[in-house]
Amino acid sequence: MNIREKKKRIYGPGEIFWFAFLVLLAALILYPMFWILMSSFKDYNGIYGDVWGFPDIWHIENYKVAWNRGISQYFVNSGIVTLCTLAGVVFVSTFAAFGICQIKGKMGNILFLFCMGGLLLSPQVCLLPLFMLLKSLGIKNTLFAMILPYIAFRLPVSIMLIRSFFVGISKEMEEAATIDGATLMQIYRNIYLPLSKPIISTVIIMTAYYAWNEFVFATIFVDSSKLRTIPVGLMTFRDGLMTEWGVVLAGMVISCLPIIVLFLVMQKSFIRGMTAGAVKG
């Protein structure tokens, strides 16, 4: 009779050190979020009277007040801008990456390097040219004044990630589909897109995080208070409610929820996409 002995794993000093370091790092990241959440249920006296404690009275109405005083409009604006940016980035980057992969020889590499040239452009350096361009096009002080630059500045890194994933897809599948009479569009839609869900999830999370939290373009290109997004809205929201910190923190919690939920839902695909992109690139 075979007896299986379970050996206890012995952790070395290095593993113990890195485990303790990661626990400390997680605590440093999570505790401020926990403090904001707890403080969002306090009133002014609760925040300043007991900064680190739990609320004596849970002021759930802080969220209702924050929502009614402008967060709802900022939330909708950020949602529209983020969804439109995601649609544009995913469509253009997957299409461009597929086209680059189909071009053989030096021309494909030249086009890829041309797309990567966008990584050298700093958004801050492009503020004045972009401002003049948007003004001449007549779309300044509209949501498109944010959506179009967001798409443009997220395309280089998105194309790089997706193209590195596409390169690793078996060419035999594409050749078999071609022999069966499939067109390039059918190959793109039925082979490349379904297989690239992990890397597309990575692009979606990175793009959504950028578009939802971007501040500089949203401040300079949009003047109307009705078109403010979450980051700009929270700044003015705070100035108008200097003494009602519970309401301000409630607004911050509301603004963080969509990105947190998106990451929790897509975290497995995000990690797989980043790992696959790193290996195949």
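Residue numbers here run from 1 along each chain, matching the order of that chain's written sequence. Only residues with pLDDT of 70 or above have their local features reported here, since the model is predicted, and side-chain atom pairs are shown and tallied only from 80 upward, although totals for entire chains, interfaces and linings are computed over all residues. No hydrogens and no water enter the side-chain calculation; it runs on all heavy atoms of the structure.

A.B. asks: Outline the packing of aromatic side chains, supporting the account with residue identities and numerical values.
C.D. replies: Two rings from Phe, Tyr or Trp (for Trp, the six-membered ring) form a pair when their centres sit within 6.5 Å of each other. Planes less than 30 degrees apart are called stacked, planes more than 60 degrees apart edge-to-face, and all others tilted. Tallied over the full model, the rule gives 17 aromatic pairs. Look at Trp18 and Phe21: their rings are 5.6 Å apart centre to centre, the planes differ by 90°, and that puts the pair in the edge-to-face class. On the criterion of helical spacing, the pair formed by Trp18 and Phe21 is a turn pair, its members being three residues apart in helix α1 (residues 13-39). Only protein chains enter the area calculation, which uses a 1.4 Å probe; residues under 20% of their type maximum are buried, those over 50% are exposed, and those in between are partly exposed. Given a relative accessible area of 39%, Phe21 falls into the partly exposed group. Between the aromatic rings of Tyr31 and Phe34, the centroid separation amounts to 6.3 Å while the plane-to-plane angle is 40°, which identifies the pairing as tilted. Helix and strand assignments come from DSSP, with helices taken as H or I runs of at least 4 residues and strands as E runs of at least 2, each series counted from the N terminus.

A.B. asks: Please provide a residue-by-residue account of α1, values included.
C.D. replies: Between its first and last C-alpha, α1 extends 38 Å over 27 residues, near the 39 Å set by a 1.5 Å rise per residue. When the local axis directions of α1 are compared, the greatest deviation, roughly 25°, occurs at Leu30, which is followed within four positions by the proline Pro32. To estimate how far a helix should reach, multiply one less than its number of residues by 1.5 Å. One fitted axis covers the seven residues ending at a residue, a second covers the seven starting there, and the bend at that residue is the angle between these axes.

A.B. asks: How would you summarise the pattern of salt bridges if you had to cite specific residues and measurements?
C.D. replies: One speaks of a salt bridge when a side-chain nitrogen belonging to Lys or Arg is within 4 Å of a carboxyl oxygen belonging to Asp or Glu. Taken as a whole and assessed by the stated rule, the structure comprises one salt bridge. The salt bridge involving Asp223 is made with Lys140; its shortest N-O contact spans 2.7 Å. Taken as a pair, Asp223 in the loop between α10 (216-220) and α11 (230-240) and Lys140 in the loop between α5 (127-137) and α6 (144-167) lie far apart in primary sequence, 83 residues in all. Residue class for Asp223 comes out exposed when judged on its relative accessible area of 51%.

A.B. asks: Before we move on, can you summarise the packing of helix α3 (residues 61-102) against helix α9 (residues 197-213) with the specific residues and values?
C.D. replies: Where α3 contacts α9, the two axes come as close as 9 Å, and the packing angle between them is 140°. For the pair α3 and α9, the sense of crossing is right-handed. Side by side, α3 and α9 meet where Phe75, Ser78, Gly79, Thr82, Thr85, Leu86, Val89, Val90 and Thr94 of the first sit next to Ile200, Val203, Ile204, Thr207, Ala208, Ala211 and Trp212 of the second. When residues are sorted by character, Ala, Val, Leu, Ile, Met, Phe, Trp, Tyr, Cys and Pro go into the nonpolar class, Asp, Glu, Lys and Arg into the charged class, and all the rest, Gly among them, into the polar class. Its residues assigned to classes, the contact of α3 with α9 shows 10 nonpolar, six polar and no charged. Comment: axis = line fitted to C-alpha atoms, over the contacting stretch for helices; angle = value between 0 and 180 degrees taken between N-to-C directions. The sense of a crossing depends on the near helix, which, turned anticlockwise from the far helix by less than a right angle, makes the crossing left-handed and, turned clockwise, makes it right-handed. Pairs of residues are marked as contacts when any of their non-hydrogen atoms sit within 4.5 Å.

A.B. asks: Give a description of the environment of Met160 that names residues and reports values.
C.D. replies: Its location among the elements puts Met160 in helix α6. Since its relative accessible area comes to 32%, Met160 is described here as partly exposed. Along the primary structure Met160 and Phe215 are separated by 55 residues, whereas in three dimensions their C-alpha atoms are 25 Å apart. Beyond its immediate stretch of four places on either side in the chain, Met160 contacts Phe112 and Met116.

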